[in-house]
Amino acid sequence: MPGKPFIIVAIDGGAASGKSSTASALSRRFNLLHADTGSYYRAVTSEMLKRGADPGDLASVKAALADLRLGTRIDGRLAQIEIAGRRPGAEIRSREVNEAVSHFAAIPELRSALLSYQRGQAAAARSGGFAGLVMEGRDIGSVIFPAADFRFFLHADPAERERRRVREGQQDRVAERDRLDSTRKTAPLSVPDGAVSIDTTRLTIAEVADRMASVIARSLEGA
Ligand code: C5P
């Protein structure tokens, strides 16, 4: 009997569209390693700020990127990034990082420093004994894993997304980050070809996760 297939699930969408909660629900349901690439961009941004890099000064960004030692620690089902052996803390959700992250994320050199790291999470999932990988971000179905088995795109009304961040106790201008993320030249936020698009504005996390899970389960049953 053939073994179960190893699956890659890509979830893209704007800020506070529901990606992390639904990725976490799918990781539990299908035993997938969960990679939150927004937290990777946040961790690298926090490191850039610590090293005095300025997104408007490419030389300073390149110098700070030169000796970034990226590693992964698997914590339950979550793949956490480590920089120089250290796991970043709550500072990655600070106002400073919220304001700077999209500016750093628009820099092609910084994106390419994270590209092979992100693709390498599939190998981490296999060697960790997971049934697959669920990766969330802005360019997962378009650039990182364009051949992902499942591609989802989540969107929601901007006012509702701002409210979600406020409920989480965060200061975050989601519309401004979306504007920067959608208009950058390299790997802009966009709906990947063939993605299942879901409006999460009036749905609970469980309802969104159920819709996604039924798409995956139907396909796996037919496999
Ligand atoms: O998902 P989250 O809102 O935490 O992402 C923070 C920021 O990281 C995004 O606004 C975007 O600028 C950047 N990002 C990206 N590509 C990804 C994931 C996040 O550019 N795949």
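Residues numbered from 1 in each chain as written. Predicted model: local features only at pLDDT ≥ 70, side-chain atom pairs only at ≥ 80, totals over all residues. Heavy atoms only, no water.

1. Focus on the packing of aromatic side chains
Any two aromatic rings considered together are summarised by their centre-to-centre distance and by the angle between their planes. As a reminder of what qualifies: Working definition: a ring pair exists when centres of Phe, Tyr or Trp rings (six-membered ring for Trp) sit within 6.5 Å. Plane angles under 30 degrees give stacked, over 60 give edge-to-face, the rest tilted. Numbering goes from the N terminus for both helices and strands, where a helix is a DSSP run of H or I of at least four residues and a strand is a run of E of at least two. Classification of residues uses two cut-offs on accessible area relative to the type maximum, computed with a 1.4 Å probe and protein chains only: under 20% is buried, over 50% is exposed, and between them is partly exposed. A ring is considered to have a charge above it if a Lys NZ or an Arg CZ atom is located within 6 Å of its centre and within 35 degrees of its normal.
Tallied over the entire structure, the rule returns 1 aromatic pair. Ring geometry for Y40 versus Y117: centroids 5.4 Å apart, planes at 75°, classification edge-to-face. Here Y40, found in helix α2 (residues 37–50), pairs with Y117, found in helix α5 (residues 108–119); they are 77 residues apart in sequence, far enough to count as distant. Residue Y117 is classed as buried on the basis of its relative accessible area of 11%. R126 extends its terminal NZ or CZ atom over the ring of F6, reaching a point 4.0 Å from the ring centre.

2. Quick look at empty space enclosed by the protein
Operational definition: Grid points spaced at 1 Å over the protein atoms alone were grouped into cavities, where a 1.4 Å probe fits but cannot get out, and pockets, open sets with protein on both sides within 12 Å along at least five of seven lines, with lining residues defined by an atom within 4 Å of a point. Grid points are joined across faces, edges and corners, and a volume is the space filled by probe spheres set on the points.
A complete count under the given rule lists 1 cavity of 30 Å³ or more for this structure. Lining the largest cavity, in full, are A43, S46, E47, K50, I83, R86, P88 and E91.

3. Describing the layout of surface pockets
The cut-off we apply is this: Throughout, the ten residues Ala, Val, Leu, Ile, Met, Phe, Trp, Tyr, Cys and Pro are labelled nonpolar, Asp, Glu, Lys and Arg are labelled charged, and all others, Gly among them, are labelled polar.
Computed from the structure, the largest pocket encloses a volume of approximately 650 Å³. Those elements that provide at least two residues to the lining of the largest pocket are α1 (19–30), α2, α4 (95–105), β5 (132–137), α8 (158–167), α9 (174–183) and α10 (205–222). For the lining of the largest pocket, the element with the most residues is α2, which contributes 5 residues. Of the residues that constitute the lining of the largest pocket, the class distribution is 9 nonpolar, 13 polar and 15 charged.

4. Focus on the environment of A106
Inspection of the secondary structure assignment puts A106 in the loop between α4 and α5. For A106, a relative accessible area of 28% gives the class partly exposed. Sequence spacing of A106 and D210 is 104 residues, and the spatial spacing of their C-alpha atoms is 33 Å.

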